[in-house]
Amino acid sequence: MSGVVNQYVRPVSVCRITSQSGVSPTLQNVTMAATSEGSYLDITNLEFLEFAHQTAMAKAICDYLIYFVRNIKQALRLCEEVLKKKTSLEDWWWKCRFAKCYYRLGLYRDAEYQLICSLQNQNMALNVLGLSKVYMRLDQPNTALKVLQKGIEKMPEESHLKIGVARIYEMMYATCRSLLFYKNALVLDASNIEALACLAANYFYEHQPELSLRYYRRLLQMGVSGPEIWNNIGLCCFYSSQLDMALDCFDRSLRFADDAADVWYNIGHLGISMGDFHMAHQSFKIALSLNQSNAEALCNLGVLSLYARNIKIARSYFISAKEVAPTLFQPHYNGALLAYKLGNLQDSFAMVSSALRVNKAHVDSRELKNNLEWHIRAL
């Protein structure tokens with residue numbers, strides 16, 4: 001199933017500065033004019049001392065350097081010049097940008113110090129989220145959770161903090177707690193895309209595709225559309241036994257998708273469920289042509305070749321699948337089962353042993369290995 005649907009757009013508003021007629025352009029006007037290469041600012045000629053006295057302009061340039069140009073060292077220089085003024089020492093915004101620069105440069109302890117100072121000046125959700133992100137980089141998830149919990153106590157109506165807690169619990173595989181905070185975030189912000197997508201994915205993997213379908217439909221009503229969401233809706237319909245709707249959803253996903261290998265792979269499974277093996281075979285072949293390392297498609301093509309009694313082709317597909325993905329146990333087991341039916345007990349035993357090394361809990365592999373051991377002892 002495709003990953004969580006995340007569509008975050010950072011608006012970039014460009015304000016063109018023009019000089020009045022009859023007035024000679026100043027240094028600021030010259031440096032902010034668009035160059036022939038399309039750059040809006042000539043970073044090499046910026047005079048930070050002059051911009052440091054214009055707070056609004058300095059903030060706009062700082063964000064431009066961090067988010068658009070991604071010249072962190074220049075942004076750090078601007079922050080240093082601004083903070084030399086006594087009036088900016090208590091401004092939380094500049095300390096937050098200082099922390100962003102340090103974070104991008106990998107100086108996490110310096111970023112932590114700046115964010116703590118910024119929180120002392122002004123209690124902002126942005127600072128709390130940034131501080132938790134720093135602690136996650138330092139591999140301290142419990143400390144990050146404590147920071148977010150304190151932030152929630154002071155700002156209980158801030159949904160982004162609860163989303164941050166849910167992400168950390170999800171990374172720690174505490175699924176129940178993660179879902180609880182995603183639901184709490186939806187109570188505060190019913191249109192939160194990340195919370196809706198995560199809940200939908202969780203219900204799908206908990207074998208409740210009908211509930212998952214509700215959340216994906218809500219995302220569609222909000223205007224979120226793309227190949228991932230249509231693919232996921234198609235999977236929900238498929239596991240809800242709504243095969244006609246699933247096919248239509250996969251078709252819509254193909255219209256949006258640039259890399260449609262996963263979609264064609266899912267269509268292949270749909271064809272197997274419908275009993276249309278020719279459709280399944282063609283779908284897996286297309287998926288393989290789009291992604292040559294798709295071991296699952298190779299394995300399924302081998303199974304379909306067995307149904308068509310093409311034993312040599314099936315064996316070659318299983319071998320290719322093992323070479324592409326050695327950690328996948330299915331091609332090892334399928335190859336072992338094929339060798340067992342052909343009477344090649346030695347190769348079968350070697351392949352089923354490889355399957356059990358990859359997945360010790362696979363029951364069919366255990367049974368096959370027991371049968372092989374019985375036959376070998378009998379010989």
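Treat the numbers as computed from the prediction; the structure is a model and nothing was measured.

Engineer: Teacher, can you tell me more about the overall build of the protein here?
Structural biologist: Check the secondary structure of the protein and you find 21 helices and 0 strands. When each of the 379 residues of the protein is scored for burial, the buried share is 43%. Partitioning the intrachain contacts of the protein with sequence separation of at least 6 by distance along the chain shows that 45% fall at a separation of at least 24. In the form shown here, the protein has an accessible surface area of approximately 21,500 Å², with 52% of it arising from carbon and sulfur atoms.

Engineer: I tried to follow the environment of asparagine 371 on my own but got confused; where do I start?
Structural biologist: Assignment of secondary structure puts asparagine 371 in helix α21 (residues 363–378). Taking the C-alpha atoms as reference points, asparagine 371 and leucine 345, separated by 26 residues in sequence, lie 10.0 Å from one another.

Engineer: Sorry if this is basic, but what is going on with the nonpolar core here?
Structural biologist: The nonpolar side chains of a soluble globular protein tend to be buried with one another. Counting residues in each nonpolar core, the largest one holds 73 residues, and the members touching the most others are Trp94, Tyr216, Leu219 and Ile233. Not counting residues within four places of it along the chain, the set of residues in contact with leucine 219 comprises Ile193, Leu196, Ala197, Val224 and Ile229.

Engineer: Looking at this structure, I do not really get a nonpolar patch on the surface. What am I missing?
Structural biologist: Among the surface-exposed residues, Ile272, Phe277 and Tyr307 lie close enough to one another that they form a single nonpolar patch of about 310 Å² accessible area. Within the secondary structure, phenylalanine 277 is located in helix α16 (residues 277–290).

Engineer: Is there a simple way to explain the pattern of salt bridges in this structure?
Structural biologist: Two side chains carrying opposite charge are able to pair once their charged atoms lie near each other. A full pass over the atoms with the stated rule returns 6 salt bridges. Ionic pairing is found between arginine 97 and aspartate 63, a salt bridge with its closest N-O pair at 2.7 Å. One end of the pair, arginine 97, is in helix α5 (residues 92–104); the other, aspartate 63, is in helix α3 (residues 55–69), and 34 residues separate them in sequence. Since its relative accessible area comes to 23%, aspartate 63 is described here as partly exposed.

Engineer: Would you take a moment to explain the packing of aromatic side chains for this structure?
Structural biologist: The geometry of two aromatic rings is summed up by the distance between their centres and the angle between their planes. Summed over all chains, the structure comprises 11 aromatic pairs. Measuring from ring centre to ring centre gives 5.4 Å for phenylalanine 204 and tyrosine 205, while their planes differ by 80°; the resulting arrangement is edge-to-face. Phenylalanine 204 sits in the buried class, given a relative accessible area of 11%. Through pairs of rings, three or more aromatic residues link up here, namely Phe204, Tyr205, Phe238 and Tyr239.

Engineer: Mind showing me how you'd approach the packing of helix α19 (residues 329–341) against α21 here?
Structural biologist: The packing of two helices is summarised by the inter-axis angle and the distance between the axes. α21 packs onto α19 with a crossing angle of 35° between their chain directions and a minimal axis gap of 11 Å. Like other packed secondary-structure pairs, α19 and α21 cross with a definite hand, here left-handed. Two secondary-structure elements touch here, α19 through Tyr333, Ala336, Leu337 and Tyr340 and α21 through Asp364, Ser365, Leu368, Asn371, Leu372 and His375. Class assignment for the residues of the contact of α19 with α21 results in 6 nonpolar, 3 polar and 1 charged.

Engineer: Before we go on, may I ask you to explain the side chain of glutamine 114 in this structure?
Structural biologist: Looking at the element boundaries, glutamine 114 is found in helix α6 (residues 108–121). Ignoring any residue separated from it by four or fewer positions in sequence, one finds glutamine 114 in contact with Lys95, Phe98, Ala99 and Tyr102.

Engineer: What is the right way to look at α16 in this model?
Structural biologist: One full turn of an α-helix is made of 3.6 residues, so residues set three or four places apart face in the same direction. In a regular helix each residue adds 1.5 Å, so 14 residues correspond to 20 Å; α16 covers 20 Å between its end C-alpha atoms and thus fits that length. Listed as buried for α16 are Ala280, Ser283, Phe284, Ala287 and Leu288. Summarising the axial view, the buried residues of α16 lie within an arc of 135°, below the 170-degree limit, and thus occupy one face.

Engineer: I'm lost on helix α11 (residues 193–205) in this one. Help?
Structural biologist: Taking 1.5 Å of rise per residue, the 13 residues of α11 would be expected to cover 18 Å, and the 19 Å separating its terminal C-alpha atoms lies within 8% of that figure. For α11, the tally of buried residues reaches 12 of 13 residues, placing the bulk of the element in the interior. All buried positions along α11 are accounted for by Ile193, Glu194, Ala195, Leu196, Ala197, Cys198, Leu199, Ala200, Ala201, Asn202, Tyr203 and Phe204. The backbone nitrogen of glutamate 194 lies 3.2 Å from a side-chain oxygen of the residue at the head of α11, namely asparagine 192. Where α11 terminates, the next one or two residues include histidine 207, which has phi positive at roughly 65°.

Calculation rules
Residues numbered from 1 in each chain as written. Predicted model: local features only at pLDDT ≥ 70, side-chain atom pairs only at ≥ 80, totals over all residues. Heavy atoms only, no water. Helix = DSSP H or I, 4+ residues; strand = E, 2+ residues; numbered from the N terminus. Buried < 20%, exposed > 50% of the residue type's maximum accessible area, 1.4 Å probe, protein only. Contact = heavy atoms within 4.5 Å. Areas by Shrake-Rupley, 256 points an atom, 1.4 Å probe, with all protein chains shown as cover. Core = buried A, V, L, I, M, F, W, Y, C linked by side-chain atoms within 4.5 Å. Patch = residues over 30% accessible without salt bridge, like charges linked within 9 Å, V, L, I, M, F, W, Y side chains within 5 Å. Salt bridge = Lys/Arg side-chain N within 4 Å of Asp/Glu carboxyl O. Phe/Tyr/Trp six-rings, centres within 6.5 Å; stacked < 30°, edge-to-face > 60°. Axes fitted to C-alpha atoms, helices over the stretch in contact; angles between N-to-C directions. Left-handed = near helix turned anticlockwise from the far one by under 90°. Nonpolar A, V, L, I, M, F, W, Y, C, P; charged D, E, K, R; others polar. Expected span 1.5 Å × (residues − 1). Arc of directions from axis to C-beta. Polar contact = N/O pair within 3.5 Å; in protein donor to acceptor, adjacent residues only side chain to side chain.

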